[in-house]
Protein chains: 2
Amino acid sequence: MSLEEAFAKLCVSAQADAVAIKSLVFKPKTPKSAAPVPIVVVALQCTSTSPAIIASATGTKEPRLARDELFASHFKCGSAKEFHLGNLLQATSEFKLVIDDAFIKTQDSQVTQLNEEKFVVKSQLAEYLEQFNPQVVDFSQEAPKKQENKKPSPSAAAVNQAKSAALDDAKLIGITVDKKLDFSGWYQQVLTKGEMLDYYDVSGCYILRPASYAIWEVIQKWFDDKIKAIGVENAYFPMFVSARVLEKEKDHVEGFAPEVAWVTRAGSSELEEPIAIRPTSETVMYPYYAKWIQSYRDLPIKLNQWNSVVRWEFKHPQPFLRTREFLWQEGHTAHLTKQDAEEEVLQILDFYAGVYEELLAVPVVKGKKTEKEKFAGGDFTTTCEGYIPQTGRGIQGATSHHLGQNFSKMFNISVENPLGPEHPKVFAHQNSWGLSTRVIGVMVMIHSDNKGLVLPPRVAQRQCVVLPVGISAKTTDEQRAAIHQKAKEVEQRLRAANIRAFGDYNDHYTPGWKFAQYELKGIPLRLEFGPKDMAQDQILVVRRNDNRKYTVKLSDLESRVPEILEEMQKDLFSRAKELFDTHRVMVDEWKNFVPALNKKNVIVSPWCGVTECEEDIKDSSAKRDDGEEFEADEKAPSMGAKTLCIPFEQPKLRKDQLCVKCERKAIQYTMFGRSY
Amino acid sequence: MSLEEAFAKLCVSAQADAVAIKSLVFKPKTPKSAAPVPIVVVALQCTSTSPAIIASATGTKEPRLARDELFASHFKCGSAKEFHLGNLLQATSEFKLVIDDAFIKTQDSQVTQLNEEKFVVKSQLAEYLEQFNPQVVDFSQEAPKKQENKKPSPSAAAVNQAKSAALDDAKLIGITVDKKLDFSGWYQQVLTKGEMLDYYDVSGCYILRPASYAIWEVIQKWFDDKIKAIGVENAYFPMFVSARVLEKEKDHVEGFAPEVAWVTRAGSSELEEPIAIRPTSETVMYPYYAKWIQSYRDLPIKLNQWNSVVRWEFKHPQPFLRTREFLWQEGHTAHLTKQDAEEEVLQILDFYAGVYEELLAVPVVKGKKTEKEKFAGGDFTTTCEGYIPQTGRGIQGATSHHLGQNFSKMFNISVENPLGPEHPKVFAHQNSWGLSTRVIGVMVMIHSDNKGLVLPPRVAQRQCVVLPVGISAKTTDEQRAAIHQKAKEVEQRLRAANIRAFGDYNDHYTPGWKFAQYELKGIPLRLEFGPKDMAQDQILVVRRNDNRKYTVKLSDLESRVPEILEEMQKDLFSRAKELFDTHRVMVDEWKNFVPALNKKNVIVSPWCGVTECEEDIKDSSAKRDDGEEFEADEKAPSMGAKTLCIPFEQPKLRKDQLCVKCERKAIQYTMFGRSY
């Protein structure tokens, strides 16, 4: 039995209520002459493992998250990402093991989750760890102090980053990690505690709870109206596709084959042939387009469907951004002329930009993908690209593809030439375009904060919460009843004015507790109504995004509240746009490229358009281990910059401008960035 | 190699463009002293294989479709259903083989489809059949004459039924089989030629084309508004479920296990554990209900999702009615009290009845399922039951289940007792309820006719078609342009009045051709506009369902057209209701039960409520081979009567009334019928 198998034996099947465990490896500062002794920390996912506490507990100096090299040299394991606790069995030299006291205190029968696939019962895991002489450390005791009101020097900034991301004033119920310091931990909390989403039993799949699904419904309605107005009809094609049909377009299937999920069994019968679950529906639909389109009068055909697709990604899944099943719409159209098709591609892209900018208050840059990044099997891909300030990474928002005649030739989607039978038959010019629930993740990443979700009013399921306040022990029952009564009237008036309002009149919770609750959930406006407001026929309106307060006369309720909602919507957009605009940096010379990238910017550079150069830029901009630089966020890959798009809005190219990287002439400005 | 294997070798993989082949076995009238020589007929599915032609070609008398006994005695095969052409190899005695000339004339490379799974290239099939000395017969030559205007005597009726179901006057483009004579062939044609649906490459899956999906959208909108008004929220749960979770509720999983599709592979990797595709989402959702519901204040929780589910049925699939993937909504709610839950079950059932009666113009009977027929794992099931006049069969419309505390105990969905911690904890009272695209199939079966679809105006994607008429060779260009111009104005005025109108101004087709086209597609109203109408400021409105004509003043357009649409909606419902009401027969004595059933009725009888009696009724009402009765429709199973529901509207039970079947006392009236 190999060591791997020995550890695997401990594992149990996935459990929905498992507690997540992280295992981090730190390397303390060590004199060059000495061999470093790594520190392995096993802790609850939600525990902040402050390096200061680790240092003091283990008697080491400045422990930092270890680089991949250390994993290879000490644990025969390729990288931090691949590392798991089973690797401890194959350690090649000494290491220290630190165990989180909070883990020790969980029940013995508790199932713990080590990574996407591995689940172990706590008692068994503890027993396993026992052999490595662990040291139990209480991370909750000595929270490192925040260094506020003190501008850190550049070197101190790095140290600060390494400190715990725990928020000092976070209540148990609220967000406990700082968006700036642990973005990915923050993202997970803001989604789950904000009740947008829950983690699911099957890895890579997530539950969309009403708060996020309602946003999807708003998007559906808006986009559906737009496409129906240009003649698109909805339909539904099966989720299954036979291997033979799936494999018809070679370039296309190559792009998806590694991620296709296969059904091989029904009940207790093996299927004669395995059947794929659609990763996208080009090959599902086009054989029928070929059948239905018999004359040029049958063109254009414009169908769309709202469905889920499955791409069994093996990379680290992330809620909304990379999931094994996701909801989307996919439009598939076939046109008689190339011009018609191309016009539609851009029309749809405008709608996609509208979803981001008008509904989600997320600014995007529209452009074209390079040959390397375009949709496999199509002619060209247009895209809207967003930007996540915290990580400085670009994110693909939605894509609209012109497939040219590639698929129509493969599937024989052709008609007699309208000029007459003596002319060659015409193959249809096709487009496909899709927008997925990813948009919700982008929106959350951009607007939300350390108090929880911040939702743009136009898409929020609930826009206003009405709360009675200022009720104390001294308040009489009559006063209390009158305030409640009037608050309920406010709520009803708002609803009658088509504002998605609700109230919370529960006396079991204090107003403060409720404030925190609805901030966590991102309700755009809080309307506080107390005795003073009652007396003055007014109500206090508080914006979620910036706590800005407005006193609104009750007589102005129906006119002012929608205005405040719209102002908030616009402010969210402006703030996000400013961040994107100031972090989209023009770089003409290569020497400035990586430094600008490392400052969490995306880069707009003159570029030659050659794929080899594109790959060179990616390689050359990947972060290297220079022995100095410190990787604060263990989850941020040290990736190079990809092309995000060739923006439609082009800066003027200087005559004879060279490519930012190579010796060739630049043919256009291109947007580069690290990306999701 | 067994004979089965020898035949299986011929088979190729499923093809979307395969031509369907039927193989029927007839038994000619034979003197009692002689052994019958069966006639096997191999024909295109669309060929009418008139017994008269078979008789004349083979020199036999009155060939009739053979019963199961003959299949067993002559082909070692259990039943007509199981029979396929491979069985010819194991024939135990002489038979005649007749091949349809139309089959012989198909291209040699054409792939033919023998049944859901078997596909054979035509040349190979022909070669295989050659060994049995076939006789080629041209069924198209001598169509049997219709016997209209002549009331057939009872015995002649049976003979007529056996005759071809081909419609004499059917154009190639239109429906070519008679709803009365070949209901299942008609249903298939009306759906595919009406462009509601197309058959798909993967068996048991179908494409919902815009005409049917648009109906689903109308239903979605209507129902979604209703449930949101009672506090239900939409969400989306993953389509995958682990075996461990799926199997948690034993009764429940037993009901679904044989039909569950399993994903076992992703890309080229085998999954560690197979993952099921949800057949329904009780077990997907309830672990999270247990997690989310922490206090009685978290109740009720009312979630719904619009999704697709997969049930890999092995019975003969039928578009909309029995499909391996289907669209539906599933609502899952958990309540603090049984009373709340029970009230909601009935509220939802009313909405379901509303979908049928108000939108689809389909009358239903509401009631409760028996213990035998209820949802596995639940406490009780309520249902709306429909009726298909052509087959005389009942059809389950939609069900709303009260699950009691069975699932909440299994998944520990519990809260502290509101009365205080000293009282026992409370398990939630749960409901689940679902309505699927099946509703569309029921609607089509009930209203549509031999000219094609008939769609109720409230759900039709397109409600009115405006057509210029009366344009001849003598019409001047100006007149023609003026008529077109005015017709387009009519169309636009209707659309401005929120009527889903369109026009067809194509000069390539005659008005007659267009009439047939839009009748085929079930457009509720045809608006004909010609020179005479132009002169008199009027338009001719023709109803699809009964060809009733209205002359409408153009000035009354916006008021009259909606009225005519609503009248048509009501008339469709009234006609269907009359058919259901007159075919729902009260039977108190067993001797009248089967005769009434055989007259295509559903039966309402006093019943004891005992499951053994229910099974006895089913067995005793199954059609038997009495040597006389003639089974005209090869696709109608000779099934017994099941309980459809215990209607809420109960006839008054006579004192001491006995059960219709057994000696026990009746406890209620129950609706029985052959069913889908």
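As the structure is a prediction and not an experimental result, all values here were calculated from the model.

Undergrad: Quick question: what am I supposed to make of helix 12 (residues 338-359) of chain B here?
TA: An α-helix turns once every 3.6 residues. As a result, residues three or four positions apart point the same way. Residue and element names in this part refer to chain B. For helix 12, with 22 residues, the first-to-last C-alpha span of 31 Å sits near the 32 Å given by 1.5 Å per residue. Among all positions in helix 12, only Ala 341, Glu 344, Val 345, Ile 348, Leu 349, Phe 351, Tyr 352, Ala 353, Gly 354, Val 355, Tyr 356 and Leu 359 are buried. Phi turns positive, to about 60°, at Ala 361, one or two residues after helix 12.

Undergrad: What exactly am I supposed to notice about the relation of the copies chain B and chain A here?
TA: Copy one and copy two of the chain differ by a rotation about a common axis and a shift along it. Expressed as a screw operation, the relation of chain B to chain A combines 0.1 Å of axial shift with a rotation of 180°, fitting to an RMSD of 0.3 Å. Classification of the inter-copy transformation places it as that of a two-fold axis. Of every C-alpha in chain B, the one belonging to Val 263 of chain B sits nearest the axis of rotation, 2.1 Å from it. With an isologous cut-off of 70% or more, the 100% of interface residues of chain B that recur at the interface of chain A puts this contact in the isologous class.

Undergrad: It is not clear to me how the environment of His 335 of chain A should be interpreted in this structure. Could you clarify?
TA: Residue and element names in this part refer to chain A. As for its placement among the helices and strands, His 335 is situated in strand 16 (residues 325-335). Through-space distance from the C-alpha of His 335 to that of Asn 498 is 40 Å; in sequence the pair is 163 residues apart. Setting aside residues up to four positions removed in sequence, His 335 forms contacts with Leu 299, Pro 300, Lys 302, Asp 340, Ala 341, Glu 344, Ala 428, His 429 and Asn 431. Side-chain polar atoms of His 335 contact the side chain of Thr 333, separated by 2.8 Å.

Undergrad: Would you take a moment to explain the pattern of salt bridges for this structure?
TA: Working definition: two side chains of opposite charge can pair if their charged atoms are close together. Inspection of every chain in the model, using the stated rule, returns 72 salt bridges over all chains. Linking Glu 270 of chain A and Arg 265 of chain A is a salt bridge whose minimum nitrogen-to-oxygen distance equals 3.8 Å. In this structure, Arg 458 of chain B and Glu 566 of chain B form a salt bridge, with 2.6 Å as the shortest nitrogen-oxygen distance. Of this pair, Arg 458 of chain B sits in the loop between helix 14 (438-447) and strand 23 (464-468) while Glu 566 of chain B is found in helix 18 (residues 557-582), placing the two residues 108 residues apart along the sequence. With a relative accessible area of 28%, Arg 458 of chain B lands in the partly exposed category. For Glu 566 of chain B, a relative accessible area of 28% puts it in the partly exposed group. The network of salt bridges with common partners includes Lys 451, Glu 519, Arg 526 and Glu 528 of chain A.

Undergrad: For this particular structure, what's the right way to read the packing of aromatic side chains?
TA: Note on aromatic pairs: each is described by the distance of the centres and the angle between the planes. Enumeration over the complete set of coordinates arrives at 56 aromatic pairs over all chains. Here Phe 75 of chain B and Phe 95 of chain B contribute two aromatic rings whose centre-to-centre distance is 5.6 Å and whose plane-to-plane angle is 65°, an arrangement assigned as edge-to-face. On the criterion of sequence distance, the pair formed by Phe 75 of chain B in helix 3 (residues 68-75) and Phe 95 of chain B in the loop between helix 3 and strand 5 (96-100) is long-range, its members being 20 residues apart. Look at Phe 75 of chain B and you get buried, because its relative accessible area is 0%. With relative accessibility at 15%, the residue Phe 95 of chain B sits in the buried group. In textbook terms, an aromatic cluster arises when at least three aromatic residues are bridged by ring pairs, as seen for Tyr 200 of chain A together with Phe 237, Tyr 286, Tyr 288, Tyr 289, Trp 292, Phe 407 and Phe 411 of chain B. Lying over the aromatic face of Phe 502 of chain A, Arg 462 of chain A brings its terminal NZ or CZ to 4.1 Å of the ring centre. Directly above the ring of Phe 580 of chain A sits Arg 584 of chain A, whose terminal nitrogen or CZ lies 4.6 Å from the centroid.

Undergrad: I tried to follow the interface of chain B and chain A on my own but got confused; where do I start?
TA: The accessible area lost on association of the parts is a frequent measure of interface size. Contact residues are listed per partner, giving 65 residues for chain B and 65 residues for chain A. Where chain B abuts chain A, roughly 5500 Å² becomes buried across the two surfaces, and 57% of that area is made up of carbon and sulfur atoms. Counting the surface chain B buries against chain A, the share from its top three residues, Tyr 236, Phe 240 and Tyr 288 of chain B, is 12%. Counting across the chain B and chain A interface gives six salt bridges. A salt bridge links Glu 217 of chain A to Lys 228 of chain B, with the nearest nitrogen and oxygen atoms 3.1 Å apart. Connecting chain B to chain A are 33 residue pairs in polar contact (both at pLDDT 80 or more). Classifying every residue of the side of chain B that touches chain A by side-chain character gives 39 nonpolar, eleven polar and 15 charged.

Undergrad: So what exactly am I meant to see when it comes to the UniProt feature "domain: Aminoacyl-transfer RNA synthetases class-II family profile" (unreviewed entry) in chain A here?
TA: Taking the UniProt record as the reference, the feature "domain: Aminoacyl-transfer RNA synthetases class-II family profile" (unreviewed entry) is found at residues 204-456 of chain A. For residues 204-456 of chain A, the helix share is 32%, the strand share is 32%, and the end-to-end C-alpha distance is 27 Å.

Undergrad: Honestly, unusual backbone geometry in this entry has me stumped. Any pointers?
TA: Across the chain, the bulk of peptide bonds are trans and the bulk of non-glycine residues have phi less than zero. Omega for the bond connecting Leu 299 of chain A with Pro 300 of chain A falls within 30 degrees of zero, at -5°, which places this linkage in the cis form. Here Pro 300 of chain A lies in the loop between helix 11 (282-292) and strand 15 (301-310). You will see that Lys 76 of chain B, though not glycine, has its phi angle at about 50°, which is positive. Within the element layout of this structure, Lys 76 of chain B appears in the loop between helix 3 and strand 5. Residue Lys 76 of chain B is classed as exposed on the basis of its relative accessible area, which comes to 59%. A positive phi angle is found at Asn 133 of chain B, which is not glycine, with a value near 50°. Its location among the elements puts Asn 133 of chain B in the loop between helix 5 (122-130) and strand 8 (135-137).

Undergrad: Explain empty space enclosed by the protein to me, please; I cannot follow it from the model alone.
TA: Any empty space left between atoms is shown by rolling a water-sized probe over those atoms. Counting across every chain of the model gives five cavities of 30 Å³ or more. In this structure, the largest cavity spans a volume of roughly 140 Å³. Among the secondary structure elements, those contributing two or more residues to the lining of the largest cavity are strand 10 (206-208) and strand 16 of chain A. Per element, the largest residue contribution to the lining of the largest cavity is three residues, and it comes from strand 16 of chain A. Class assignment of the residues belonging to the lining of the largest cavity gives a composition of nine nonpolar, two polar and one charged. Size it by volume and the second largest cavity reaches roughly 110 Å³. Listed by contribution, the elements that provide at least two residues to the lining of the second largest cavity are strand 10 (206-208) and strand 16 (325-335) of chain B. When residues in the lining of the second largest cavity are grouped by element, the largest group, three residues, is from strand 16 of chain B. Grouping the amino acids of the lining of the second largest cavity by side-chain chemistry returns eight nonpolar, two polar and one charged.

Undergrad: Help me understand the sheet that holds strand 18 (residues 380-388) of chain A in this model?
TA: Paired through backbone hydrogen bonds, the strands of a sheet run either parallel or antiparallel to each other. All names here are of chain A. Taken in spatial order, the eleven strands make up an open sheet running 11-15-16-22-19-18-17-30-31-29-28, and their pairing is mixed. Edge positions in the open sheet fall to strand 11 (233-234) and strand 28 (584-586), since each of these has one partner strand only. The pairing of strand 17 (residues 365-368) with strand 18 spans four bridges and is antiparallel. Across the sheet, the residue bridging to Lys 366 is Cys 384, located in strand 18.

Undergrad: Is there a simple way to think about the sheet that holds strand 24 (residues 501-503) of chain B in this case?
TA: Residues and elements named next belong to chain B. Here we have five strands laid out as an open sheet, ordered 24-23-25-26-27, and mixed in their pairing. The open sheet has two edge strands with one neighbour each: strand 24 and strand 27 (549-553). If you compare each strand with its neighbour and ignore which way they point, the axes differ by 25° on average. Of the pairings in the sheet, the one linking strand 26 (residues 538-543) to strand 27 comprises five bridges and is antiparallel in character. By the bridge assignment, Val 542 is partnered in strand 27 with Lys 549. Against the sheet, helix 15 (residues 477-496) engages strand 23, strand 24, strand 25 (525-529) and strand 26, with an angle of about 170° to strand 23. Strand contacts of helix 16 (residues 511-520): strand 23, strand 24 and strand 25, with the helix running at about 175° to strand 23, the strand carrying the most contacts.

Undergrad: Any chance you could explain the side chain of Asp 198 of chain A here in plain terms?
TA: With respect to the helices, strands and loops of the structure, Asp 198 of chain A is situated in strand 9 (residues 197-199). Overall, the relative accessible area of 5% leaves Asp 198 of chain A in the buried class. Separated by 2.8 Å, the side chains of Asp 198 of chain A and Lys 291 of chain B make a polar contact. Ignoring any residue separated from it by four or fewer positions in sequence, one finds Asp 198 of chain A in contact with Tyr 206, Ile 207 and Arg 209 of chain A together with Tyr 288, Lys 291 and Trp 292 of chain B.

Analysis parameters
Residues numbered from 1 in each chain as written. Chains lettered and ligands numbered in written order. Predicted model: local features only at pLDDT ≥ 70, side-chain atom pairs only at ≥ 80, totals over all residues. Heavy atoms only, no water. Helix = DSSP H or I, 4+ residues; strand = E, 2+ residues; numbered from the N terminus. Expected span 1.5 Å × (residues − 1). Buried < 20%, exposed > 50% of the residue type's maximum accessible area, 1.4 Å probe, protein only. Least-squares fit on C-alpha atoms with pLDDT ≥ 70 in both. Contact = heavy atoms within 4.5 Å. Polar contact = N/O pair within 3.5 Å; in protein donor to acceptor, adjacent residues only side chain to side chain. Salt bridge = Lys/Arg side-chain N within 4 Å of Asp/Glu carboxyl O. Phe/Tyr/Trp six-rings, centres within 6.5 Å; stacked < 30°, edge-to-face > 60°. Lys NZ or Arg CZ within 6 Å of the ring centre and 35° of its normal. Buried area = accessible area lost by both parts, 1.4 Å probe. Nonpolar A, V, L, I, M, F, W, Y, C, P; charged D, E, K, R; others polar. UniProt positions renumbered as here; feature names shortened; annotations may be inferred. 1 Å grid on protein atoms, 1.4 Å probe; cavity = no way out; pocket = protein on both sides within 12 Å on 5 of 7 lines; lining within 4 Å. Points joined across faces, edges and corners; volume = space filled by probe spheres on them. Pairing = 2+ DSSP bridges. Axes fitted to C-alpha atoms, helices over the stretch in contact; angles between N-to-C directions.

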